[in-house]
Amino acid sequence: MEKRKRVLVKFSGEALAGDNGFGIDTTILKYIADEIKSLVIHNIEIGIVIGGGNIIRGVSAAKDGIIKRTSGDYMGMLSTVINSIAMQEALEHVGMEVRVQSAIKMEAICETFIVRRAQRHFEKGRIVIFAAGTGNPFFTTDTAATLRAIEIGADMIIKATKVDGVYDRDPKKFPDAQKLAELTYDRAMDDNIKVMDDTSIALAKDNNLPIVICNMFAKGNLQKIIEGNLSCCSIVR
Ligand code: UDP
């Protein structure tokens, strides 16, 4: 049998919030579930990482010094578990088989991350959502997504955002900003670009993991990318 493509898709927590700016908008959950379903139907193995920014970010929680940064970060990791459970429900709602695996053990809620077990889920056609980030404070879910993508041997990581790719400067401030179709890992770490935090880009670079940045709100984009049509995104490799 031909080897199936395996892809890790990263969504930010904020993406789930919709116009509210916080919480979880089920219309968006359903939209994402349908997009992911179209990939699974086309025989792609899908891992998912969702951020927690719509609920709590460690840095903001610890801003005034009352909550310690490490505790804030654990609260942030728990936020990603909440989002992951919501996503699991939405995917099951559209008929997918899904497992959530958390980096922090919480056996009444979901499985614990075990890479070999995740591999088995993929082989059976299940979607795996990796929750609780890396399980360590001071990291981001972008780093967690890159780490999991490498561990599961993904062909690429797709960072699904609200923009259609990477620009040479902020397109909101500079109308003449140019979209970059392809860029190197080193360029992606440039201060004006900052596709992801440096830790995740360095990890992707060391392991030759391509990073694709695309607009998740354009229907069919994920499918196009996986078919090799990169006109709708930017790729770091
Ligand atoms: N976090 C963490 N370790 C990790 C991943 C996440 O401590 O490995 C915490 C951190 O506080 C972060 C929060 O979880 O701010 C939510 O994740 P993130 O900010 O990456 O979410 P996003 O911006 O993608 O919504």
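Residues numbered from 1 in each chain as written. Predicted model: local features only at pLDDT ≥ 70, side-chain atom pairs only at ≥ 80, totals over all residues. Heavy atoms only, no water.

Q: Where do I start with the overall build of the chain in this structure?
A: For the chain, the count of helices and strands is 9 helices and 11 strands. Scaling as 2.2 N^0.38, a compact globule of 237 residues should have a C-alpha radius of gyration of about 18 Å, and the chain matches this with 17 Å. Across its three principal axes, the chain shows a C-alpha extent of roughly 55 × 50 × 35 Å. Counted over contacts in the chain with a minimum sequence separation of 6, partners at least 24 positions apart contribute 71%. (Helix = DSSP H or I, 4+ residues; strand = E, 2+ residues; numbered from the N terminus. Rg over C-alpha atoms; globule rule 2.2 N^0.38 Å. Contact = heavy atoms within 4.5 Å.)

Q: Help me out: how do you make sense of the layout of surface pockets in this one?
A: One way to see where empty space is left: roll a probe the size of a water molecule over the atoms. As a volume, the largest pocket reaches approximately 1,200 Å³. Lining the largest pocket are 45 residues; nearest its centre among them are Lys-10, Ser-12, Arg-57, Asp-142 and Lys-159. No other element matches the 5 residues that helix α4 (residues 69-93) contributes to the lining of the largest pocket. Across the lining of the largest pocket, the residue classes tally to 17 nonpolar, 16 polar and 12 charged. (1 Å grid on protein atoms, 1.4 Å probe; cavity = no way out; pocket = protein on both sides within 12 Å on 5 of 7 lines; lining within 4 Å. Points joined across faces, edges and corners; volume = space filled by probe spheres on them. Nonpolar A, V, L, I, M, F, W, Y, C, P; charged D, E, K, R; others polar.)

Q: Can you help me understand the site of the ligand in this one?
A: Neighbouring the ligand are 21 residues; Arg-57, Asp-73, Thr-134, Asn-136 and Thr-141 lie closest to it. Between the ligand and Gly-52, the relevant distance is 3.0 Å, taken from an oxygen atom to a main-chain nitrogen or oxygen of the residue. Contact between the ligand and Arg-57: an oxygen atom at 2.7 Å from a side-chain N or O atom of the residue. For the ligand, whose accessible area on its own is 520 Å², the fraction buried by protein is 92%. Among the cavities detected, the one that contains the ligand is the largest pocket. Secondary structure elements with two or more residues in the shell around the ligand: α1 (13-17) and α4. Considering each element in turn, the shell around the ligand owes the most residues, 3 residues, to α4. Of the residues contributing to the shell around the ligand, the split by class is 5 nonpolar, 12 polar and 4 charged. (Near = heavy atom within 4 Å. Polar contact = N/O pair within 3.5 Å; in protein donor to acceptor, adjacent residues only side chain to side chain. Areas by Shrake-Rupley, 256 points an atom, 1.4 Å probe, with all protein chains shown as cover. Sits in = over half its atoms within 2 Å of the grid points.)

Q: Looking at this model, I keep getting lost on the nonpolar core. Mind explaining?
A: In globular proteins that are soluble, nonpolar side chains generally tend to be buried together. Among the nonpolar cores identified, the biggest contains 45 residues, and Ile-36, Ile-46 and Leu-91 are the most heavily contacted of them. The element contributing the most residues to this core is helix α2 (residues 26-41), with 8 residues. Setting aside residues up to four positions removed in sequence, Leu-91 forms contacts with Ala-33, Ile-36, Ile-48, Met-96, Val-98, Ile-127 and Ile-129. Ranked by size, the runner-up nonpolar core spans 26 residues in total, among them Ala-149, Val-166, Ala-188 and Leu-209. (Core = buried A, V, L, I, M, F, W, Y, C linked by side-chain atoms within 4.5 Å. Buried < 20%, exposed > 50% of the residue type's maximum accessible area, 1.4 Å probe, protein only.)

Q: So what exactly am I meant to see when it comes to the sheet that holds strand β6 (residues 156-161) here?
A: Backbone-to-backbone hydrogen bonds pair the strands of a sheet. The strands run either parallel or antiparallel. Taken in spatial order, the 9 strands line up as β4-β3-β5-β2-β1-β6-β10-β11-β9 in an open sheet, and their pairing is mixed. With one partner strand each, in any of the chains shown, β4 (111-112) and β9 (182-183) form the two edges of the open sheet. In this structure, strand β10 (residues 211-215) lies alongside strand β11 (residues 233-236), joined through 4 bridges in antiparallel fashion. By the bridge assignment for β11, Ile-213 is matched with Ser-234. Of the strands in this sheet, β1 (6-11), β2 (45-50), β5 (127-131) and β6 are in contact with helix α6 (residues 141-151), which crosses β1 at around 175 degrees. (Pairing = 2+ DSSP bridges. Axes fitted to C-alpha atoms, helices over the stretch in contact; angles between N-to-C directions.)

Q: Just to check I follow, could you spell out the pattern of salt bridges for this structure?
A: A full pass over the atoms with the stated rule returns 17 salt bridges. Between Asp-142 and Lys-10 there is a salt bridge, with the nearest N and O atoms lying 2.6 Å from each other. Placement of Asp-142 in helix α6 and of Lys-10 in strand β1 is noted, with a sequence separation of 132 residues between them. The same class applies to Asp-142 as to Lys-10, namely buried. Between Glu-111 and Arg-117 there is a salt bridge, with its nearest N and O atoms 3.8 Å apart. Taken together, the shared-partner salt bridges connect Arg-4, Arg-6 and Glu-45 into one network. (Salt bridge = Lys/Arg side-chain N within 4 Å of Asp/Glu carboxyl O.)

Q: Explain the side chain of Glu-35 to me, please; I cannot follow it from the model alone.
A: The residue Glu-35 is located in helix α2 in this model. Here Lys-219 takes part through its side chain, which lies 3.3 Å from a polar atom of the side chain of Glu-35. Those residues in contact with Glu-35 that sit more than four places away from it in its chain are Ala-218, Lys-219, Gly-220, Asn-221 and Leu-222.

Q: Is there a simple way to think about unusual backbone geometry in this case?
A: With the exception of glycine, the majority of residues adopt a negative phi angle, and the majority of peptide bonds are in the trans configuration. Despite not being glycine, Lys-194 shows a phi value in the positive range, around 45 degrees. The topology assignment puts Lys-194 in the loop between α7 (185-188) and α8 (198-206). With a relative accessible area of 36%, Lys-194 lands in the partly exposed category.

Interpretation in functional terms is not warranted from these geometric data alone.
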